[in-house]
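Below, each chain spelled out in residue letters.
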Amino acid sequence: MILCHGEHARTRRALASPSRLLAAALLGLSLQATHAAPDYPVTAAQRSTARQVAETGVPLSELAPNAPESHVVRRGDTLWDISKLFLRSPWRWPELWGMNLEQIRNPHLIYPGQELVLVREGGRARLQFGRAGSGTVKLSPRVRAGDVDNGPLASISLHLIEPFLNDAIVLEADELDKAPRIVAGREGRVLLGRGDTAYVRGEMPPLRNWRVFRQARPLLDPDTRALLGYEAAFVGSAEYVRPGSVTPSADGKTQEIVPGTVVLTTLRQEAGAGDRLAQAPTRDTTNFVPHAPSAPIAGRIVSIYGDGMSAGQNQIVALNRGRVDGIERGHVLAIQRAGERIADRTDPQRAALQLPDETHGHLFVFRVFERVAYALILDAQTAVRPGDRFTQP
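No experiment lies behind these values; they were computed from the predicted model shown.

For the structure shown, the criterion picks out 3 aromatic pairs. Ring centres of Tyr-305 and Tyr-374 lie 5.8 Å apart, and the angle between their planes is 85°; this geometry places the pair in the edge-to-face category. Here Tyr-305, found in the loop between strand E18 (298-304) and strand E19 (316-319), pairs with Tyr-374, found in strand E24 (residues 373-380); they are 69 residues apart in sequence, far enough to count as distant. Among the aromatic residues, those joined into a cluster by ring pairs are Tyr-305, Phe-369 and Tyr-374.

Structure below.
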């Protein structure tokens, strides 16, 4: 019996039947162990793929070259890690799910301590619970004492994107232009750090938590130069102290403006005059599962978050496609590097050749706006640059 608390305990007990255990062992995520496991949707296309694969299993050629015979789910594993262990393409999770559809009722839950066994028969492969070579499938979780309080695992390493789930924003218009702004620091300080007092002009409701942004900059489509939105770089957070006021001066002819006061609580970079304040929303901890787009899609990388000239694995990029283009949270996309134009040195005429475009990495979309999306670079063979193309994997 697994000892847990509250709703999380009831969720684990509900998963204890054989028909549900692999549901708790393949796919899913939760930011914290104290959160009850949500019910993530499974699309009709994903379920259809799983059913098709369940009929025959996965061809051995689709397995990863070094797919293990078994794997005990460990704390720190992710859906991406486990899918990559067994399949050549980690985003093809419906096929991993379909390897044993009868036991996988909810593909979004996976817990530490459970064992996955790869069974190869007749040129096909399926996943089962239990110990390899035992002759039977032991449908029970194997939980270490240190795993009892853990929730289901994340689809990817959430610490890489969690700071950006609310802090990276793209606005349809330059809405921050009229937002409250920092006008000064205490004792004439120009650059402000954590714990410093900042004085603010503008209308500020007495809400405790605020976010601080650098003035938004326009994002332009690399192909059309059309305005996609305004990206506001996150500076840090602030706590409301007191409101500002406007009172008549002693001579009654002018007004005396007293700015409001905030204290800077956390900072990614130094704050200063001109930085804008926006109300802090409820943190978005909605989870998502990696999957390929259901229809062809192509676009370009607009920028590297933080104004970098190039980026590599685990960095964030902005894409010139968004909600209106069919981009979804959880989409996995292939990064394409344009093929070079070279001369054929084996040809006396030195004919010009256009080498084909090549995939050199993958992106994971985690935040989507109307015409822009943010994505994490999952892997990259060479540097990723603004202007690089992306397509479905």
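After that view, the rundown keeps rolling.
Taken in spatial order, the 3 strands line up as E5-E11-E10 in an open sheet, and their pairing is antiparallel. Strands with a single pairing partner mark the edges of an open sheet, and in this sheet they are strand E5 (169-171) and strand E10 (217-220). Averaged over neighbouring strand pairs, the angle between their axes works out to 45° when direction is ignored.

With that out of the way, let us pick up the nonpolar core. In terms of nonpolar packing, the biggest core is built from 33 residues, with Ile-161, Ile-316, Phe-366 and Tyr-374 touching the most fellow members. Only helix H6 (164-167), E5, strand E11 (227-232), E19, strand E23 (358-368) and E24 provide two or more residues apiece to this core. Judged by nonpolar contacts, the second largest core, of 17 residues, contains Leu-319, Ile-327, Ala-375 and Ile-377.

This next bit is on the pattern of salt bridges. Within this structure, the stated rule accounts for 11 salt bridges. For Arg-189, the salt bridge is made with Glu-187, and the minimal N-O distance between the two is 4.0 Å. The exposure class assigned to Arg-189 is partly exposed, which follows from its relative accessible area of 41%. Using a relative accessible area of 70% as the deciding quantity, one classes Glu-187 as exposed. For Arg-389, the salt bridge identified is with Asp-357, shortest N-O distance 2.2 Å. Residue Arg-389 is located in strand E25 (residues 389-391), and its partner Asp-357 is located in the loop between strand E22 (352-354) and E23; the two are separated by 32 residues in the primary sequence. Taken together, the shared-partner salt bridges connect Glu-187, Arg-189 and Asp-196 into one network.

Summary statistics for the protein chain give a mean pLDDT of 76 and a share of 71% for residues scoring 70 or more. Within the model, pLDDT remains below 50 along residues 1-40, and this stretch shows 121 contacts once partners closer than five positions in the same chain are excluded. In the model, residues 131-150 has pLDDT below 50 throughout and makes 49 contacts with residues more than four positions away in sequence or in other chains.

Taking strand neighbours around the barrel as the criterion, the 6 strands line up as E18-E19-E24-E23-E20-E25 in a closed arrangement whose pairing is antiparallel. Taken over all neighbouring pairs, the strand axes of this sheet differ in orientation by 45° on average, direction set aside. Relative to E24, E23 is paired through 7 bridges, and the arrangement is antiparallel. By the bridge assignment for E24, Val-365 is matched with Ala-375.

The phi dihedral of Arg-225 is positive, around 65°, even though this residue is not glycine. Inspection of the secondary structure assignment puts Arg-225 in the loop between E10 and E11. According to the relative accessible area criterion, Arg-225 is exposed, its value standing at 52%. In the Ramachandran plot, Arg-350 falls in the positive-phi region, its phi being about 50° despite a non-glycine side chain. Considering the arrangement of structural elements, one finds Arg-350 in the loop between strand E21 (341-343) and E22. Residue Arg-350 is classed as partly exposed on the basis of its relative accessible area of 44%.

Rules behind the numbers
Residues numbered from 1 in each chain as written. Predicted model: local features only at pLDDT ≥ 70, side-chain atom pairs only at ≥ 80, totals over all residues. Heavy atoms only, no water. Phe/Tyr/Trp six-rings, centres within 6.5 Å; stacked < 30°, edge-to-face > 60°. Helix = DSSP H or I, 4+ residues; strand = E, 2+ residues; numbered from the N terminus. Pairing = 2+ DSSP bridges. Axes fitted to C-alpha atoms, helices over the stretch in contact; angles between N-to-C directions. Core = buried A, V, L, I, M, F, W, Y, C linked by side-chain atoms within 4.5 Å. Buried < 20%, exposed > 50% of the residue type's maximum accessible area, 1.4 Å probe, protein only. Salt bridge = Lys/Arg side-chain N within 4 Å of Asp/Glu carboxyl O. pLDDT = per-residue confidence, 0-100. Contact = heavy atoms within 4.5 Å.

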